[in-house]
Amino acid sequence: MNILVINGSPKGNNSVTLQTLLFLEKLFIEHKFSFLNVGQKLRYYEKNFNEVEKAFEKSDIIIFSYPVYTFLVPYQLHRFIELLKENNINVKNKFATQFSTSKHFYDTTAHKFLEENCLDLNFKYIKGLSADMDDLMKKEGQNDAINFFNYLIFSAENNIYLYKEIINHKEKKLHQRKYTYSLENKDSSKDVLILSNTSEDDENLRNIIEDFKSIFPYKTREINIREYNFHGGCLGCFGCALTGKCVYKDKFDDFLRNEIQTADAIIYAFTIENHYTHSSFKIYEDRQFCNGHRTVTEGMPIGYIVSGDYEAEANLQTLIEARSEVGGNFLTHVANDNNKDILEELSKLSSVMKYAIENKCTRPKNFYGVGGMKIFRDLIYIMQGIMKEDHRYYKKHNIYDFPQKQKMKMLQMKLVGALISIPSMQKKMKGKMNEYILMPYKKVIDNVKIKRS
């Protein structure tokens, strides 16, 4: 079969992810592999898509290869998917799958995003493989790659693939502005930022944002990230890991730190496109890697204004919650205009955001946040020699909470384990285990002092 590898990494042939595909090419000589470095040649393909079209025509199976960048595919591959749709490339009877490498930090949301877009394009989609960055160095990882490719060929030969679930979207009505914005009586004591990527023809989102500004009691400022002159997407070069500075000279790292991250609260506003939003948001997210893996906005309340069928986008919902959890942000509300009273939604966002700002709201992280940060914790500890800025931050903020360092607690558990293994003690504690477990909790409750206003 003719295998076309779409290399979405900005590193081109130097991509770690690509090496596994080169490994498979050398093993499976009965299949013909060809490669397009779309991540590295994105600007060329934005002007000339003929090479891509011809490569697709000759292929039987397309493998999207990429490293996971900030919960999703890299900006470069995100933009390439937009180009595929804009150019109406015929993929009838073409099979597609994906192969990614990462440290398994939200590879699930990245894979779902690409899967959903492959189904939009009417590919015959076959489940992909998410590998650890180091898997190719291990025999087990090599076998996983071989098994993945064998299954891919089996599925293609037997016409086994995922079907697209057809969803009938209701036609969205244009929101007409209800209010006239005025600075009168607006509280300017807090810096509240609305970060959008509104296009010139997105009158609907523009009107919704303006009505929110009118409803919200605080004065707001807005940044349209689509208008920023980015010199390019994140290169994954790790230059910032050592210095904290980006290699690009477009001054985005300074802009990010001085104009965005200084805010007291941020409200993100976008229209759903291709199961997320326009790639102008993705280039912004990827370029935030100049902050490394540091949760520099922890404690900041955030909210969203999302135009489109948000309820039908389960992966996007996960993405928004996971971003806030990993970042340690208090997610106030996601205001959505699909089949809802958008003014009521904006009012909810306004009131919850006001409460969160004034009361400095926080909440303990759920699995999305705890699990994500433990992956980063272990990664940074191992790579502290390279990721020096991250390492300093993690040490300062006590993020290195390795359980094996809790020696006293481990000793206590061993003593308890030794005691309850004695038959006489088991008999004495029979039916009272929960009572013993609850003793320290009850002590906390008993010591509660009633707050009187």
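Now for a description of the structure that goes with this document. (Residues numbered from 1 in each chain as written. Predicted model: local features only at pLDDT ≥ 70, side-chain atom pairs only at ≥ 80, totals over all residues. Heavy atoms only, no water.)

Glancing now at the packing of helix H1 (residues 16–27) against helix H6 (residues 139–157). Direction vectors running N to C along H1 and H6 enclose 65 degrees, while the axes themselves pass 10 Å from each other. One element, H1, and the other, H6, form an angle in the roughly perpendicular class. Two packed elements cross with a definite hand, and for H1 against H6 that hand is right-handed. Across from Thr20, Phe23, Leu24 and Leu27 in H1, the residues of H6 making contact are Gln142, Ala145, Ile146 and Phe149. (Axes fitted to C-alpha atoms, helices over the stretch in contact; angles between N-to-C directions. Helix = DSSP H or I, 4+ residues; strand = E, 2+ residues; numbered from the N terminus. Parallel < 35°, antiparallel > 145°, perpendicular 65-115°, else oblique. Left-handed = near helix turned anticlockwise from the far one by under 90°. Contact = heavy atoms within 4.5 Å.)

This next bit is on the pairing of strand S4 (residues 95–102). Across a regular strand the side chains alternate sides, sitting on one face of the sheet and then on the other. Among the eight residues in S4, eight count as buried, and that is most of the element. With burial as the criterion, each face of S4 is covered, one bearing Phe95, Thr97, Phe99 and Thr101 and the other bearing Ala96, Gln98, Ser100 and Ser102. The sheet contact formed by strand S3 (residues 61–67) and S4 spans seven bridges and is parallel. What sits directly across from Phe64, in S4, is Gln98. In terms of handedness, the path from S3 via helix H4 (residues 75–86) over to S4 forms a crossover that is right-handed. Two strands pair when backbone bridges link them, and S4 and strand S5 (residues 124–125) are joined in this way by two bridges, in the parallel orientation. Within S5, the residue paired with Phe95 across the bridge is Lys124. Sheet topology note: the S4/strand S6 (residues 129–132) ladder contains four bridges and is parallel. Directly across from Thr101, in S6, lies its bridge partner Ala131. (Buried < 20%, exposed > 50% of the residue type's maximum accessible area, 1.4 Å probe, protein only. Pairing = 2+ DSSP bridges. Right-handed = clockwise from strand over helix to strand, strands pointing away.)

What the five strands build is an open sheet, ordered S8-S7-S9-S10-S11; its pairing is parallel. Strands with a single pairing partner mark the edges of an open sheet, and in this sheet they are strand S8 (218–224) and strand S11 (330–336). Strand-to-strand twist in this sheet, taken as the mean axis angle between neighbours without regard to direction, amounts to 20 degrees.

Here the focus is the side chain of Asn7. Residue placement: Asn7 occurs in strand S1 (residues 2–7). A polar side-chain atom of Asn7 sits 2.9 Å from the main-chain carbonyl oxygen of Gly12. Here the side chain of Asn7 touches Asn37 through a polar contact of 2.9 Å, side chain to side chain. Ignoring sequence-local partners within four residues, the contact set of Asn7 consists of Gly12, Asn13, Ser15, Leu18, Leu36, Asn37, Val38, Gly39 and Ser65. (Polar contact = N/O pair within 3.5 Å; in protein donor to acceptor, adjacent residues only side chain to side chain.)

Our next topic: helix H14 (residues 388–396). Every buried residue belonging to H14 is among Asp390, His391, Tyr393 and Tyr394, and all of these are buried. Looking straight down H14, one finds its buried side chains confined to an arc of 165 degrees; they lie on one side. Away from its buried face, by an angle of more than 90 degrees, H14 presents the exposed residues Lys395 and Lys396. The first or second residue beyond H14 is Asn398, which carries a positive phi of 55 degrees. (Arc of directions from axis to C-beta.)

In this section: the packing of aromatic side chains. Overall, the coordinates contain 36 aromatic pairs when judged by the stated rule. Seen from their ring centres, Phe49 and Phe80 are 5.7 Å apart, and the 40 degrees between their planes marks the pair as tilted. One end of the pair, Phe49, is in the loop between helix H2 (42–47) and helix H3 (50–58); the other, Phe80, is in helix H4, with 31 residues separating them in the sequence. Exposure class is identical for Phe49 and Phe80. Each is buried. Measuring from centroid to centroid gives 6.0 Å for Phe252 and Tyr284, while their planes differ by 90 degrees, and the two rings are edge-to-face. In this pair, Phe252 sits in helix H9 (residues 252–260) while Tyr284 sits in helix H10 (residues 279–287), placing the two residues 32 residues apart along the sequence. Side by side, Phe252 and Tyr284 carry an identical accessibility label, which is buried. (Phe/Tyr/Trp six-rings, centres within 6.5 Å; stacked < 30°, edge-to-face > 60°.)

Let us now look at the side chain of Ser155. Relative to the helices and strands, Ser155 is located in helix H6. Exposure remark for Ser155: the relative accessible area of 1% places this residue in the buried category.

Moving on: helix H11 (residues 314–327). A rise of 1.5 Å per residue sets the reference length of H11, with its 14 residues, at 20 Å; its end C-alpha atoms lie 20 Å apart and thus fit the reference within 8%. A large share of H11 lies buried, amounting to ten of its 14 residues. Burial in H11 covers these residues: Asn315, Leu316, Leu319, Ile320, Ala322, Arg323, Ser324, Glu325, Val326 and Gly327. Backbone geometry just downstream of H11 places Gly328 in the positive-phi region, at approximately 70 degrees. (Expected span 1.5 Å × (residues − 1).)

For the rest of this paragraph, the subject is a nonpolar patch on the surface. There is a patch of nonpolar side chains on the surface, built from Met413, Val416, Leu419, Ile420, Ile422, Met433, Ile437, Leu438 and Tyr441 and spanning about 800 Å² of accessible area. Elements with a contribution of two residues or more to the nonpolar patch: helix H15 (407–420) and helix H17 (433–446). As for its position among the elements, Leu438 is in helix H17. (Patch = residues over 30% accessible without salt bridge, like charges linked within 9 Å, V, L, I, M, F, W, Y side chains within 5 Å. Areas by Shrake-Rupley, 256 points an atom, 1.4 Å probe, with all protein chains shown as cover. Salt bridge = Lys/Arg side-chain N within 4 Å of Asp/Glu carboxyl O.)

Across the interface, H4 lies against H10 with an axial gap of 9 Å and an inter-helix angle of 175 degrees. Relative to H10, the element H4 is oriented roughly antiparallel. Side by side, H4 and H10 meet where Tyr75, His78, Arg79 and Glu82 of the first sit next to Ser279, Lys282, Ile283 and Asp286 of the second.

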